[in-house]
Amino acid sequence: MKICNGLYFSKYVKVLAPNELKISYDQIVDFDDDDNPGLCATMVREIYNHLRASEAKKRPSTDYMAKVQKYIDVRMHAMLIDWLVDVVDAYMLDPEILYLVVNYIDHYISGNQMNIARLQLFGITCMMITYKYEDVYSLQVEWCCEITDDTYSVDKIRETKSIFLDFLKFGLTIPIARCFLERCVRVAQAVTEDPMMELESMINYLANLSLPDYGMLCYSPSVIAASSVFLGRFILLPSTRPCNSTLQHFTIYKSLDLLECVKALHSF
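Basis of the calculations
- Residues numbered from 1 in each chain as written.
- Predicted model: local features only at pLDDT ≥ 70, side-chain atom pairs only at ≥ 80, totals over all residues.
- Heavy atoms only, no water.
- Helix = DSSP H or I, 4+ residues; strand = E, 2+ residues; numbered from the N terminus.
- Buried < 20%, exposed > 50% of the residue type's maximum accessible area, 1.4 Å probe, protein only.
- Contact = heavy atoms within 4.5 Å.
- Areas by Shrake-Rupley, 256 points an atom, 1.4 Å probe, with all protein chains shown as cover.
- Core = buried A, V, L, I, M, F, W, Y, C linked by side-chain atoms within 4.5 Å.

Peer 1: I keep staring at the overall build of the chain and nothing clicks. Help me out?
Peer 2: Scanning the chain from N- to C-terminus turns up 14 helices and zero strands. Order of helices (α) and strands (β) in the chain, N terminus to C terminus: α-α-α-α-α-α-α-α-α-α-α-α-α-α. Residues counted as buried form 47% of the 268 residues belonging to the chain. Taking the contacts inside the chain whose residues are at least 6 apart along the sequence as the reference set, 77% of them involve residues at least 24 apart. Accessible surface computed for the chain: about 14100 Å², of which carbon and sulfur atoms make up 53%.

Encoded structure:
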């Protein structure tokens, strides 16, 4: 498909200038349903304003590989995330937990030196903590030992859990891209003439691509979510503008604010 061609996209972004990126001030579509209490329509904007304020305060360092780490590098970080993805896939765990698992890992190694022998230990420990926080059913410590071929003992994983929780001061509530994705998808579908399951899948897929890449830490979770919508619409709906008044209003980002992140996602 021509629109997916990298050269085509490169030519497209090169000609984007402020005038070109100005959205048409069409009528904003208000898609919040006051009759559905599950959507929290009466307070949803306050919730997302709070999440955006929190994400600025609770982001991992964007340059910890250069300033903190001596024994691990970007490649090892990516290999750990790939292994965690394989674990989630092989054991049919909820893939959405990976956003928080990766965030926890990055938070810890932002402020603590790590070596390759302990990297997998912290990865599986963060997954266990995330499941206890997110899910009704938690992962057992014995299962985590088995996943690592008994490389680490039950006592070692429990000790690592205590070290990690002490480091975070038990502040486990951290805004991640997934917090913004659901609303971004709903906005994208609201401004699409014929809502598409493919669009939702594409947006989530693009956001998932950001997980293994250390370089994506320079973009906030809300920017990654909004950029996934921009690129997903660009790929699947080439005859429409990737951004319009409604998308800008609810994501609070203009096209130019997203351009670098969009190009990074596209490069994957």
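Peer 1: Can you help me understand the environment of T125 in this one?
Peer 2: Along the chain, T125 falls in helix α7 (residues 116–134). Distance in space between the C-alpha atoms of T125 and S162 is 9.9 Å, their sequence separation being 37 residues. Not counting residues within four places of it along the chain, the set of residues in contact with T125 comprises I157, T160 and K161.

Peer 1: Just checking my understanding: could you explain the nonpolar core for this structure?
Peer 2: Considering soluble globular proteins, one finds that nonpolar side chains tend to be buried as a cluster. Judged by nonpolar contacts, the single largest core of 83 residues is most densely connected at Y104, M127 and F164. Apart from the residues lying within four places of it in its own chain, the contact partners of F164 are Y104, Y108, F122, C126, I129 and L172.

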